[in-house]
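Commentary on secondary and tertiary structure
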Amino acid sequence: MTSFVGVDVTKTFTAAQLVGTESGKAPKLGDLYESYDGKTYRFVKYNQGAGAIAAVAGNVVGFYAPGGTSTGVYNEVTSDVSDTAANGAGVLAGTPGNGEYGWIQVKGPATLNTALVSGASGNALVLSVTTDGTLKVAAAVTDTVCAYCILASAKIVMCAFPC
């Protein structure tokens, strides 16, 4: 893990910046950052997926898995649930464009941009496979739990995504 001070987790980077103007100043793909308030973020690449779903800060993303079939990619994410294998990756901190890089929150409390598809305070949550960018209540023991609902009415969750 790389140590950072004063990271702006909403900042995004293009591929050209990572090898050009920001070379040596930007994080590396997969780097983790723990903020002063105990939240943990991971640096990833954003992919709009087949549905061309734009990134929205506060929306949930899953690991990119074209057509729902995992290819082992773990540092590329999408909000297009049809291009995930139902594995939540984190909550977008910024709004990277397609093929750009930015931070996702993976641990700690987060306020989502969208309401839960289903679930209530105290429920274990999984990536929704029907609604892009959000979570729903875990219904089966085989579901991959990635967050817990703290207060459903305020869209506050405790992130428990894989680092």
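First, a word on scope: everything that follows refers to the structure included in this document. (Residues numbered from 1 in each chain as written. Predicted model: local features only at pLDDT ≥ 70, side-chain atom pairs only at ≥ 80, totals over all residues. Heavy atoms only, no water.)

Structurally, W103 can be placed in strand β6 (residues 101-111). Since its relative accessible area comes to 3%, W103 is described here as buried. C-alpha of W103 to C-alpha of T12: the two residues are 91 residues apart in sequence and 7.7 Å apart in space. (Helix = DSSP H or I, 4+ residues; strand = E, 2+ residues; numbered from the N terminus. Buried < 20%, exposed > 50% of the residue type's maximum accessible area, 1.4 Å probe, protein only.)

A few words on the nonpolar core. Ranked by internal contacts, the top residues of the largest apolar core, which has 25 residues, are I104, L135 and V157. When residues of this core are traced back to their parent elements, those giving at least two are β2 (40-46), β3 (60-64), β5 (84-92), β6, β7 (124-127), β9 (147-151) and β10 (156-160). Not counting residues within four places of it along the chain, the set of residues in contact with I104 comprises T40, Y41, R42, V44, V61, V77, A89, G90, V91, L92 and A93. Within the second largest apolar cluster, nine residues are counted, among which are Y33, F43, A93 and W103. (Core = buried A, V, L, I, M, F, W, Y, C linked by side-chain atoms within 4.5 Å. Contact = heavy atoms within 4.5 Å.)

Right, let's talk about the pairing of β6 for a bit. With eight of its eleven residues buried, β6 lies for the most part within the structure. The sheet contact formed by β2 and β6 spans six bridges and is antiparallel. Paired with V44 across the strands is G102, a residue of β6. Pairing analysis gives five bridges linking β6 to β10, with the strands arranged antiparallel. Across the sheet, G108 pairs through a bridge with C159, a residue of β10. (Pairing = 2+ DSSP bridges.)

All right, on to the side chain of T134 then. Among the structural elements, T134 can be located in the loop between β7 and β8 (135-137). Engagement of the side chain of T134 in a polar contact is seen with the backbone oxygen of A115, the distance being 2.9 Å. In contact with T134, not counting residues within four places along its chain, are V60, T114, A115, L116, V117, V126, L127 and S128. (Polar contact = N/O pair within 3.5 Å; in protein donor to acceptor, adjacent residues only side chain to side chain.)

The side chains of a regular strand alternate, first on one face of the sheet and then on the other. Here β3 runs beside β5; their pairing, made up of four bridges, is antiparallel. Opposite V60, over in β5, you have V91 as the bridge partner. Direction of pairing for β5 relative to β6: antiparallel, over a ladder of two bridges. By the bridge assignment, L92 is partnered in β6 with I104.

Within the structure shown, the criterion is met by five aromatic pairs. Note on F13 and F43: the rings are 5.7 Å apart at their centroids and 70° apart in plane angle, and the pair reads as edge-to-face. Of the two residues, F13 is situated in the segment before α1 (15-19) and F43 in strand β2; the sequence distance between them amounts to 30 residues. Overall, the relative accessible area of 6% leaves F13 in the buried class. Note on F43 and Y101: the rings are 6.2 Å apart at their centroids and 20° apart in plane angle, and the pair reads as stacked. Of the two residues, F43 sits in strand β2 while Y101 sits in strand β6, which places them 58 residues apart along the sequence. Judged by its relative accessible area of 0%, F43 falls in the buried class. You can call Y101 buried: its relative accessible area is 13%. A network of ring pairs unites the aromatic residues F13, Y33, Y41, F43, Y101 and W103 as a single cluster. (Phe/Tyr/Trp six-rings, centres within 6.5 Å; stacked < 30°, edge-to-face > 60°.)

Keep in mind these numbers describe shape, not what the thing actually does.
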